[in-house]
Structures are given as structure tokens and as C-alpha cells.
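Residue strings, one per chain:
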Amino acid sequence: MKVLSAALLAAWLPLGAMAAKPLTICTDANPEGFDVVQYNSLVTTNASADVLMSRLVEYDAAAGKLRPGLARSWEASPDGLSYTFHLRTDAVFHSTDYFKPTRKLNADDVAFTFDRMLNPDNPWYKTAPAGYPHAQAMQFPKLIKAVRKLDAQTVRFELNYPEATFLSSLTMGFASIYSAEYAAQLLAAGKTAELNSKPIGTGPFILKSFVKDALVRYAPNPAYFGAKPKVSALIYAITPDSSVRLQKLRAGECQIALSPKPQDVQSAQADARLRVWQTPAFMTAFVAFNSQKKPLDNPQVRQAINLAFDKASYLKAVFGNGAIAANLVYPPNTWSYDKTIKPYPYDPAQAKKLLAQAGYPDGFDIDVWVRPSGSTLNPSPKAGAEMLQADLAKVGIRLRIQVLEWGELIKRGKAGEHQMLFMGWAGDNGDPDNFLTPQFSCSAVQSGTNFARHCDARLDKLISDGKKTADFKARGKLYQSAQRLIHDQALWLPLAHPTAYVLARKEVSGFAVNPYGRVDFSAAALK
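Residues numbered from 1 in each chain as written. Predicted model: local features only at pLDDT ≥ 70, side-chain atom pairs only at ≥ 80, totals over all residues. Heavy atoms only, no water.

A. The overall build of the protein, seen in detail. When helices and strands are tallied, the protein shows 20 helices and 20 strands. Relative to the compact-globule value of 24 Å for 527 residues, the protein shows a C-alpha radius of gyration of 24 Å, a close match. A principal-axis box enclosing the C-alpha atoms of the protein has dimensions of 85 × 55 × 45 Å. Accessible surface, the protein: about 21100 Å² in total, of which carbon and sulfur atoms supply 54%. Separation of charge centres in the protein, based on 60 positive and 46 negative side chains, amounts to 4 Å. (Helix = DSSP H or I, 4+ residues; strand = E, 2+ residues; numbered from the N terminus. Rg over C-alpha atoms; globule rule 2.2 N^0.38 Å. Areas by Shrake-Rupley, 256 points an atom, 1.4 Å probe, with all protein chains shown as cover. Lys, Arg positive; Asp, Glu negative; His and termini not counted. Charge placed at Lys NZ, Arg CZ, Asp CG, Glu CD.)

B. Structural view of the packing of aromatic side chains. Tallying each qualifying case throughout the model produces 28 aromatic pairs. Between Y98 and Y182, the aromatic rings sit 6.1 Å apart at their centres with planes inclined by 40°, giving tilted as the arrangement. Of this pair, Y98 sits in the loop between β5 (82-87) and α5 (107-118) while Y182 is found in helix α9 (residues 180-189), placing the two residues 84 residues apart along the sequence. Exposure remark for Y182: the relative accessible area of 2% places this residue in the buried category. Taken together, the aromatic side chains of W74, Y83, F85, F114, F140, F157, F166 and F174 make up a single cluster linked through ring pairs. The side chain of R116 reaches across the aromatic face of Y178, ending 5.7 Å from its centre. (Phe/Tyr/Trp six-rings, centres within 6.5 Å; stacked < 30°, edge-to-face > 60°. Buried < 20%, exposed > 50% of the residue type's maximum accessible area, 1.4 Å probe, protein only. Lys NZ or Arg CZ within 6 Å of the ring centre and 35° of its normal.)

C. Spatial organisation of unusual backbone geometry. With an omega dihedral of 0°, the bond running from K294 to P295 counts as a cis peptide bond. Along the chain, P295 turns up in the loop between β13 (283-289) and α12 (299-308). With a phi close to 65°, Q139 is a non-glycine residue in the positive phi region. Note on placement: Q139 falls in the loop between α6 (133-137) and α7 (140-143). In this model, R453 sits at a positive phi of 55°, which is unusual for a non-glycine residue. Considering the arrangement of structural elements, one finds R453 in the loop between α18 (442-447) and α19 (457-468).

D. Spatial organisation of the side chain of Q303. For Q303, the location among the structural elements is in helix α12. Taking the relative accessible area as the measure of exposure, Q303 reaches 18% and is therefore buried. Engagement of the side chain of Q303 in a polar contact is seen with the backbone oxygen of D488, the distance being 2.8 Å. Among all residues touching Q303, those that are not within four sequence positions of it are Y344, L354, D488 and A490. (Polar contact = N/O pair within 3.5 Å; in protein donor to acceptor, adjacent residues only side chain to side chain. Contact = heavy atoms within 4.5 Å.)

E. The arrangement of the packing of helix α10 (residues 242-251) against helix α11 (residues 262-269) in detail. It is at 9 Å that the axes of α10 and α11 come closest, and there the two elements cross at 20°. Taken together, the axis directions place α10 and α11 in an arrangement best described as roughly parallel. Note on packing geometry: the crossing formed by α10 with α11 is right-handed. Counted together, S242, S243, L246 and R250 of α10 and D264, S267 and A268 of α11 form the full contact between these two elements. Tallied by class, the residues present in the contact of α10 with α11 amount to two nonpolar, three polar and two charged. (Axes fitted to C-alpha atoms, helices over the stretch in contact; angles between N-to-C directions. Parallel < 35°, antiparallel > 145°, perpendicular 65-115°, else oblique. Left-handed = near helix turned anticlockwise from the far one by under 90°. Nonpolar A, V, L, I, M, F, W, Y, C, P; charged D, E, K, R; others polar.)

F. Molecular detail of the sheet that holds strand β7 (residues 154-159). Across the sheet, four strands lie side by side as β4-β5-β7-β6; this open sheet has antiparallel pairing. Only two strands of the sheet have a single neighbouring strand rather than two, namely β4 (71-76) and β6 (144-151). Geometrically, the sheet is characterised by an average inter-axis angle of 20° between neighbouring strands, direction not taken into account. As paired strands, β4 and β5 are joined by five bridges and run antiparallel to one another. Within the sheet, the bridge partner assigned to E75 lies in β5 and is T84. (Pairing = 2+ DSSP bridges.)

G. Structural view of the nonpolar core. If you look at the biggest cluster of nonpolar residues, it comprises 115 residues, and the most contacted ones within it are F85, F140, Y218, M420 and F521. For F85, the contacting residues outside a window of four places in its chain are L56, V57, A71, S73, W74, Q153, T154, V155, F157, F166, L167 and L170. Listed in part, the 33 residues of the second largest apolar core include L328, L421, I463 and Y479. (Core = buried A, V, L, I, M, F, W, Y, C linked by side-chain atoms within 4.5 Å.)

H. Quick peek at the confidence of the model for the protein. Looking at the protein, the pLDDT average stands at 94 and 96% of residues meet or exceed 70. Contacts of residues 1-18 to residues separated by more than four positions or lying in other chains number three contacts, the stretch itself having pLDDT below 50. (pLDDT = per-residue confidence, 0-100.)

I. Focus on the state of the cysteines. Summed over all chains, the structure comprises two disulfides. With a sulfur-sulfur separation of 2.0 Å, C442 is cross-linked through a disulfide to C455. Between C442 and C455, the disulfide has an S-S torsion of 90° and is therefore right-handed. Highlighted residues: C442 in helix α18 and C455 in the loop between α18 and α19, separated in sequence by 13 residues. Each disulfide of the protein joins two cysteines, and with those cysteines numbered along the sequence the arrangement is 1-2, 3-4. (Disulfide = S-S within 2.5 Å.)

J. Just empty space enclosed by the protein, in detail. In the structure shown here, the tally under the stated rule is three cavities of 30 Å³ or more. One number sums up the size of the largest cavity: a volume of about 760 Å³. Taken together, 48 residues line the largest cavity, and the ones lying closest to its centre are L42, V43, N46, L377 and G517. Elements that contribute at least two residues to the lining of the largest cavity include exactly α3 (42-47), β10 (233-238), α16 (406-414), β17 (420-426) and β18 (492-505). (1 Å grid on protein atoms, 1.4 Å probe; cavity = no way out; pocket = protein on both sides within 12 Å on 5 of 7 lines; lining within 4 Å. Points joined across faces, edges and corners; volume = space filled by probe spheres on them.)

K. Summary view of helix α15 (residues 381-393). Here α15 is 13 residues long and its end C-alpha atoms lie 18 Å apart, about the 18 Å a rise of 1.5 Å per residue gives. Inspection of α15 places P381, G384, A385, L388, D391 and L392 among the buried residues, and these make up the whole buried set. Looking straight down α15, one finds that the buried residues subtend no more than 125° of arc, so they occupy a single side. Of the exposed residues in α15, those oriented more than 90 degrees away from the buried face are K382 and A393. (Expected span 1.5 Å × (residues − 1). Arc of directions from axis to C-beta.)

L. Inspection of α10 at higher detail. For α10, the full list of buried residues reads S242, R245, L246 and L249. For α10, the arc enclosing every buried residue in end-on projection is 100°, short of the 170-degree limit, so these residues lie on one face. Away from its buried face, by an angle of more than 90 degrees, α10 presents the exposed residues Q247 and A251. Of the surrounding elements, those touching the buried residues of α10 are β1 (22-27), β11 (256-258), α11, β12 (274-280) and β18. Looking one or two residues beyond α10, the residue adopting positive phi is G252, at roughly 80°.

Quick look at the structure:
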């Protein structure tokens, strides 16, 4: 056999094969796993749902509207109590060394996906040790009456009551569609836990390997129903330190760096080899108060902490020019945002008065949890926690800072073990309910996503009624009332609405920063 010369090989190979290169992303933390329905963090969604999976309905962030996903079309009944989805016929689940699909996606897969999360009698229901936090927080067990297969490519969701947010909820990572055939294979073999380490989806990439604290490696899915990925491999290089992510970007060890610090953004802007993408983020950084634990069960104490914190100094030190102050639960450019609610001012003297009225004239000792590495919602965790500690000390509150690894913080926070914790939330689309239901509903206390651990019947009804009405103006009034209750009860110390930044080398194309923190590398390419 003759060895082809480089010139002949270049002429013989298809153009796409020559152009494809591996794309390495410097990320900030490990995914908790790959069975995305078990988790609620954005890190895990971006490592599983957004690269491996697909959903019936997707959200087009650029256009600000829903678009077809695994469902090519759908229609709702006039009374809003049923939605019929017509599935595409060209979607195929991943073929790997541990699973070979014998058929294309069909209605059985959709029915299995939701029955697993909603039906306690399903043999898969108990395979998620901590349950299904997003499905439970979004009240899907209460909302969905049945998911019925009408034929191989048609499935109908029957609801117990109309809900204006139902379709937009289906764009969230937890609504990713799983293979019923693969699930049956794992169940029969007694290997259900492998769904979390050996995932199967219909997305643009296939998981090849995961080494904790090091790499997640993906290969392009040759059978993907959408436009085929333009890279030869996708690699997540887990790099907790933001400055190290920038160093790797400059050295060409990664081509995209996520969650940069403000100073790294400024440095990248001055580097001719790099580019900076940015967009206002549909996110809120906050400190959550566990209202089920003393002394945080007292609203005067929570209000005092809000008054004691110098938020303006915090924003300047931690975010630079990369955020605006958060006063309520979602950004001020969101419809229904109540501009009439005045934020808590920086007033240590009034904070001391409230603490005395609450029975704590000499303050108290309390813990706050914080992650070790920076992210879009908390670029400098240690610095921010120390600023909060210093401000609270001035009013007699002795704050102990505890640094927990991200996965441990999320796990224990969902279990309600914390007193206070630095946290952030990103909505999956522009609907206010993306914040209200998962963070403040009573069902979200049970699922763990409500980090304030606060169940208020009045607030719960406002949120629930808002979801049930299709009248835009009526929903807005209900949500404004909900915002006032949350503010007056001081369930959070709202911190910031950040700008989302992504750093990249100039040779990267086809990627756009998403205001909801989600990632899409399916169209990304390297020159």
C-alpha cells in the first residue's frame, strides 16, 4: 500500500473532514452527573441536557420564542387542558459501545420520560435518590394528569388545569427526552445507576468519558437530526480558577472560557488574539436565608441583614462594571417587574434597631456557605463573603464563612442544612415564573430548589394563580403582588443581575453567549 502524500490526502479528504478540529471549553466546575432530571444546577444542565439531550420544545434565545425540537409541531385544546405533540421522524438515540438503538425516537420515549418522574409505581421512579427537583418544583406531578401515546409519532399531555407556562417549562433541561429502550436494557440488567454515568440522548454530542476535576470528553453525534457539529470533538476542561482559565485560553489550551472575572474580561478585551461576547443575563445572584432555622425565621432579622449590607461597595469590588444591583428576584427588564418597590437602603443603624426589636441586641453567630471557585453569578466568592462578614460584624452579627465544594454545597443546600448561602438562579427563558415557582413555591421547599425554605400560603397562591391564567396583564399583577411579599419578608439578600461574559479565541465562530446561561456548541467551529 502506498502512503498518500499530505497534498494528495488533503485533496482526497472531504472539506468538512479537513476543517473539523477539537473544541475545548474551560469550565468552572464538575457536573453532578449526567442524568439531568436528578439535578438543578446550570453546570450540570450544560454538561448533559444541552449537549447530549433534546426536548420536545426548545427556546430560541436570539428570537425570544419557542421553536420545534423533537416535536415538529403541536397544538393545544381550546380549554388548555391538553397538548398534542407530533414527533419528528428522523431523531435517533446515540449509538455507543454500551447501547445500540433498534429504532428511532417515538412516543414510548416521551411517555417513559415523564412517567418516570411523575409515577411512583414506575420502576425507575426511585432511582433518583433525591427525587426530581425541577419536575417537583414546577408542580408537574400535580399539573399533568396523563401522558398518552396516540400512535408511534403522536403523544398527548392531559392536564388537570390550564397552565400558561406549560410549553415554556418543556424547554427546561429536566424535560429532556430519554430512551425507553435503553432504560429497559439497564433495568433488566440491574444497572439503573449507569444512566447517570453512561447517558443516552438524541443531542448533537455523545459522551465519551468523564474524569472528575479534569475533563469531560464528547464526540459529535453522526446521527444528529439537526445540523451536524462542525468540530471533531468537544472537551470540557474543568478549571475552577478564573485566572487559570484565561491563561489556558491565551495558551491555546482551550478556545472558549466560561464565567470570567471582571478583571479577566478587561484583560481579554486588550488581547488582540481574543474576543469577548457579552449579554445582559436573565439571572440573579443572592444570599438565601433558611427561614426554617433560628434566628432567620424572624423577618426582622432578615430585613436587618439586608439593611446592614453595603451592596454598592460589594458590586464594585466583585463585579466591577459587569452587573447591576438586584433589588427584587428577577431583572428589571423582565415583564411584571414592580418598579414601585423600594430597595432596602444601606442603613446599619436601622439594622441594629431591628435586631434589638427581634430580641438580638447583642447580635448572634451564624454560618454562610460559599463555593470555592468563581462563576458568572459569583465571580469572587471569598471576597464577597468577607465583605458580607465585615458589614454584619458592624451590627453585631458574627458571620462564619464555610467554603464547600460546589456539588456538596448544592446537595446540602437542597436538603436545607444551611443557615445562609451564596447562590444564584438563571431562568431558562424570559418568563418570571422561571424564578417564582422554583424559588418560592411550597412545592419547591419539598424538592429543595427553594433555598429560603419558606412556604407561605398567600405567596404560593399568587404564584399558582399566575401560572393558571393566560391573561398577560392579570399575570403581571399577581406577580407584582408576589414580589412585594418576597421583598417585605426579606427571603433573600438580593445581590446582582450580572452581565454574562464568554471569552474566546478569535478563531472561534458559530457560538453565541446565552442570557440564560445555557450553552449550544452544535454550530461552533474553529478556523
